[in-house]
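# Inside the fold
Each chain, letter by letter, is given below.
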Amino acid sequence: MLEQLLIFTRGGLILWTCKELANALKGSPIDTLIRSCLLEERSGAASYNYDAPGASYTLKWTFHNELGIVFVAVYQRILHLLYVEDLLAMVKREFSQIYDPKRTAYPDFDETFRQLKMEALARVEDLKRSNLNPVAGNAKKQVQGNNKLGFEGGKKKKSGSVAKNGGGTDGDDANGRKMENGHANGSFVTKDANLSSVVNGRENGSPNVGAFDVQKLQKLRAKGGGKKTDTVAKASKAEPNKKVTKKNRVWDDTATKETKLDFTDNAGEDGDRNIDFVAADQGESMMDKEEIVSSESEEEEEQEDAGKNRKPHAKSKGWFSSMFQSLAGKANLEKSDLEPALKALKDRLMTKNVAEEIVEKLCESVAASLEGKKLASFTRISSTVQAAMEEALVRILTPRRSIDILRDVHAAKEQRKPYVVVFVGVNGVGKSTNLAKVAYWLLQHNVSVMMAACDTFRSGAVEQLRTHARRLQIPIFEKGYEKDPAVVAKEAIQEASRNGSDVVLVDTAGRMQDNEPLMRALSKLIYLNNPDLVLFVGEALVGNDAVDQLSKFNQKLADLSASANPRLIDGILLTKFDTVDDKVGAALSMVYISGAPVMFVGCGQSYTDLKKLNVKSIVKTLLK
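Here is what the cut-offs are and how they apply
- Residues numbered from 1 in each chain as written.
- Predicted model: local features only at pLDDT ≥ 70, side-chain atom pairs only at ≥ 80, totals over all residues.
- Heavy atoms only, no water.
- Helix = DSSP H or I, 4+ residues; strand = E, 2+ residues; numbered from the N terminus.
- Buried < 20%, exposed > 50% of the residue type's maximum accessible area, 1.4 Å probe, protein only.
- Contact = heavy atoms within 4.5 Å.
- Areas by Shrake-Rupley, 256 points an atom, 1.4 Å probe, with all protein chains shown as cover.
- 1 Å grid on protein atoms, 1.4 Å probe; cavity = no way out; pocket = protein on both sides within 12 Å on 5 of 7 lines; lining within 4 Å.
- Points joined across faces, edges and corners; volume = space filled by probe spheres on them.
- Nonpolar A, V, L, I, M, F, W, Y, C, P; charged D, E, K, R; others polar.
- Pairing = 2+ DSSP bridges.
- Axes fitted to C-alpha atoms, helices over the stretch in contact; angles between N-to-C directions.
- Salt bridge = Lys/Arg side-chain N within 4 Å of Asp/Glu carboxyl O.

Counting its secondary structure elements, the chain contains 21 helices and 13 strands. Taken over 624 residues, the chain has a buried fraction of 38%. Across the chain, contacts joining residues at least 24 apart in sequence account for 74% of those joining residues at least 6 apart. On the chain, roughly 36700 Å² of surface is accessible, and the fraction owed to carbon and sulfur atoms is 52%.

Laid out in structure tokens, this is it:
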């Protein structure tokens, strides 16, 4: 049974709901669909499943892109309703004919919907009957054919024995009977071969049917054998490849002067004095600097240059038709019109290190948002698709909530409790280093910080964090190795409350997303201490693996948590961003799969090399 059908604009104005289906929906499936699917550029999916306490719904939808209207149907997931898609298509067709932008209510559409629903149900019933009737008809014909065949076969058997006793033309008659039998059975064998074999218990086809010439087969084998020997000979020639030896790299004699990266403290009495100058020498953190993005005029110049660099035959191909189309405009965009531009865009995004799964979903969503839309005059399809993709990428990468940590820190300070940040991630991504960068940035804003060394698994992890704490002159809470990280974090938070520290930065051990014991320990740490922010630290170098890492981290944290409402990843810290050049797709993959914003970007080795994610710059790089 259909639970609800709604029609609303992209702006959120509800135009019509079915009064017949005034069932009280449990939870808020429509709001969740808009937040999690339509606004997140996942509208290319076929359906959306929503789980609420005591109910599970499936939602299907369609768009009228030219009018900016969304049609949504809601029904119980356990009921596989076959008519929903047809019903939505019919409702879309009929409602678009009476739609008026000035109207906000359509009470007269109730009767139309009632007729459309009856028509959709009737179509499904007819389809079921048409699927069942041919099977019954085939079985009936088979039984009749077999009875007739049995009767004729009996007569022929007798005549065959007479011919055998009498001699003469028994061979011709036998061959004729076999062929006749084969033809007679062919009338129903082609309809349902499986049933005929079951009824007869043997194959009714003649052994002479499909006979071939032996001489021809020998010739074909001789030809094929010759080709095979040639290919084998070629393969044997190609096998002995010469082993390529790697040449030694020739380094340039003129070595450039590089900044000193070795900050090891000098042993001596004035060791403390050297540490005092560390914070001053590092300078201002890049988090507080505004990144300058090139203007739109520069983008237009780049597009013009790209147009000039195209091959001449590409311009000449379909010149008149494309010019006429750009002048007159296209009536409505179809999926076939969008496919070439979307394919080019898909290839471009994948070269920028965006996960293939994410690219396909994005292209499906953009196609769904443009299909049926009218193309404006003097506008190319490729530029329209690119503009839609750019808008989608900006919407995905822009945080949906405030990521102002300093404001949250001051709010926690007013409540007289420390603000707790837990850094999680796989091995070797730079959690400890970037934790020190975050601490340095917070110190510049007069926030007192304490580190908690909860990586009690990796050798040297505590010493590494101790070195950062000594250089930044901030306290560190440590209990050594082979301790329970959850207990160490809890004691660190209690110590910070006693000492009046504003922020506690919790360092955890690196772990692979498939390592269940370590994921269970991490889930316990988060459950016991209830941190204010769970930061996933990920490399900008990963491609398809970003989807696997984040989705499994979230899944394990949800499955292994003892809480009914488990904490998941709240934000992302993207490291090694200075090593990827224009391959910035990992940021898009991580945000799309988790819904969490990128809060920090690590872009170097020093404490100041931490900055915010510039959404416009990332989108421009992805589409360049």
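Structure shown, so let's carry the discussion forward.
This structure, assessed with the given rule, holds 1 cavity of 30 Å³ or more. Space inside the largest cavity adds up to approximately 40 Å³. What lines the largest cavity is simply Ile405, Val421, Val438, Leu442, Val503, Leu505, Leu533, Leu535 and Phe600. Looking at the lining of the largest cavity, the elements that each hand over two or more residues are α15 (431-444), β9 (503-507) and β10 (533-539). Split into classes, the residues belonging to the lining of the largest cavity amount to 9 nonpolar, no polar and no charged.

The sheet built from 8 strands is open, its strands ordered β8-β7-β9-β6-β10-β11-β12-β13 with mixed pairing. Strand pairing shows two members of the sheet lacking a second neighbour, β8 (476-477) and β13 (610-611), which therefore form its edges. Relative to strand β11 (residues 571-575), β10 is paired through 5 bridges, and the arrangement is parallel. Its bridge partner being in β11, leucine 535 is matched across the sheet by glycine 571. Across the sheet, helix α14 (residues 405-414) lies against β6 (419-424), β9, β10 and β12 (598-602), angled at about 135° from β6, the strand it touches most.

Counted under the stated rule, the structure contains 26 salt bridges. Residues arginine 407 and aspartate 408 are paired through a salt bridge, measuring 3.9 Å at the closest nitrogen-oxygen approach. A salt bridge links lysine 479 to glutamate 491, with the shortest nitrogen-to-oxygen separation between them at 3.7 Å. Linking lysine 479 in the loop between β8 and α17 (485-499) with glutamate 491 in helix α17, this pair joins segments that are 12 residues apart in sequence. Here glutamate 491 falls in the partly exposed class, since its relative accessible area comes to 28%. Each of Lys352, Asp582 and Lys583 takes part in salt bridges that share partners, so that together they form one network.

Limitation: the analysis is restricted to geometry and does not speak to function.
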